[in-house]
Amino acid sequence: MKNATLLAIISLGVIILLDLIQVIMSFFDFFPMNLFRLFGILNLIAFIGLLPFFVTLYNKQKE
């Protein structure tokens, strides 16, 4: 459970950081489509990092 929790915390930190970068960059005119796609892919990978935490949590509740 500790490894899954650590991975979830890191993933949440990455998601928050990516969102903050997107908000800051949206105030400027520099936000090309390729960068938007890159942030989308990184955001998806970060959400996939949350999955082991919830699977482990579900398995612990079944016991």
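Placed above this text is the structure.
Attention here is on the structure that accompanies the text. Along each chain, the written sequence defines residue order, and numbers are assigned to residues from 1. In view of the model being predicted, local features appear only for residues whose pLDDT reaches at least 70, and side-chain atom pairs are presented and counted only at 80 or more, with totals across whole chains, interfaces and linings using the full set of residues. Hydrogens and waters are ignored; side-chain quantities use all the structure's heavy atoms.

1. Structural notes on the overall build of the protein
Okay, so step 1: In DSSP terms, a helix is any run of H or I states spanning at least four residues, a strand is any run of E spanning at least two, and both are numbered starting from the N terminus. Per the secondary structure count, the protein includes two helices and zero strands.
Okay, so step 2: For the protein, the C-alpha radius of gyration of 15 Å lies well beyond 11 Å, the compact-globule estimate for 63 residues.
Okay, so step 3: Principal-axis analysis of the C-alpha atoms gives the protein an extent of 50 × 15 × 15 Å.
Okay, so step 4: Remark: exposure states derive from per-residue accessible area (1.4 Å probe, protein chains only) relative to the maximum for the residue type, with buried under 20%, exposed over 50%, and partly exposed in between. Counting the 63 residues in the protein, one finds 21% classified as buried.
Okay, so step 5: With the model as given, the accessible surface of the protein reaches about 5,100 Å², and the carbon-plus-sulfur share is 74%. Only C-alpha atoms enter the radius of gyration, while the globule expectation follows 2.2 Å times N to the 0.38, with N the number of residues. Accessibility throughout is a Shrake-Rupley quantity obtained with a 1.4 Å probe, and a residue counts as covered only by protein chains that appear here.

2. A few points about helix H2 (residues 33-62)
Okay, so step 1: Expected span of a helix, by definition, is 1.5 Å for each gap between consecutive residues, and there is one gap fewer than residues. Taking 1.5 Å per residue as the helical rise, H2 with its 30 residues ought to reach 44 Å, and the 44 Å between its terminal C-alpha atoms agrees with that figure.
Okay, so step 2: Taken together, the buried positions of H2 are occupied by Leu35, Phe39, Asn43, Ala46, Gly49, Leu50 and Phe53.
Okay, so step 3: Here, two residues are considered to be in contact whenever any of their heavy atoms come within 4.5 Å of each other. Among the structural elements, helix H1 (2-26) are those in contact with the buried residues of H2.

3. A few points about the packing of aromatic side chains
Okay, so step 1: Two rings belonging to Phe, Tyr or Trp (six-membered ring only in the last case) form a pair when the distance between their centres is within 6.5 Å. Interplanar angles under 30 degrees mark stacking, angles over 60 mark edge-to-face geometry, and anything in between is tilted. Inspection of every chain in the model, using the stated rule, returns one aromatic pair.
Okay, so step 2: Each ring, one from Phe53 and one from Phe54, has its centre 5.2 Å from the other, and the planes form 75°; the classification is edge-to-face.

4. Focus: the nonpolar core
Okay, so step 1: Grouped together as the largest cluster of nonpolar side chains are six residues: Ala4, Ala8, Ile15, Ala46, Leu50 and Phe53.
Okay, so step 2: Put simply, the parts of the chain that give this core at least two residues each are H1 and H2.
Okay, so step 3: With residues near it in sequence (within four places) discarded, Ala4 still touches Pro52, Phe53 and Thr56. Definition of nonpolar core: a set of buried residues of the types Ala, Val, Leu, Ile, Met, Phe, Trp, Tyr and Cys, connected through side-chain atoms within 4.5 Å.

5. Things to note about H1
Okay, so step 1: For H1, built from 25 residues, the straight-helix expectation of 36 Å at 1.5 Å per residue is met to within 8% by its first-to-last C-alpha distance of 36 Å.
Okay, so step 2: Those residues of H1 that sit buried are Ala4, Ala8, Ser11, Ile15, Leu18 and Met25.
Okay, so step 3: Lining the buried residues of H1 we find H2.

6. Focus: the side chain of Ser11
Okay, so step 1: Within the fold, Ser11 resides in helix H1.
Okay, so step 2: Look at Ser11 and you get buried, because its relative accessible area is 6%.
Okay, so step 3: Apart from the residues within four sequence positions on either side, Ser11 is in contact with Ala46, Gly49 and Leu50.

The values are spatial; any link to function lies outside them.
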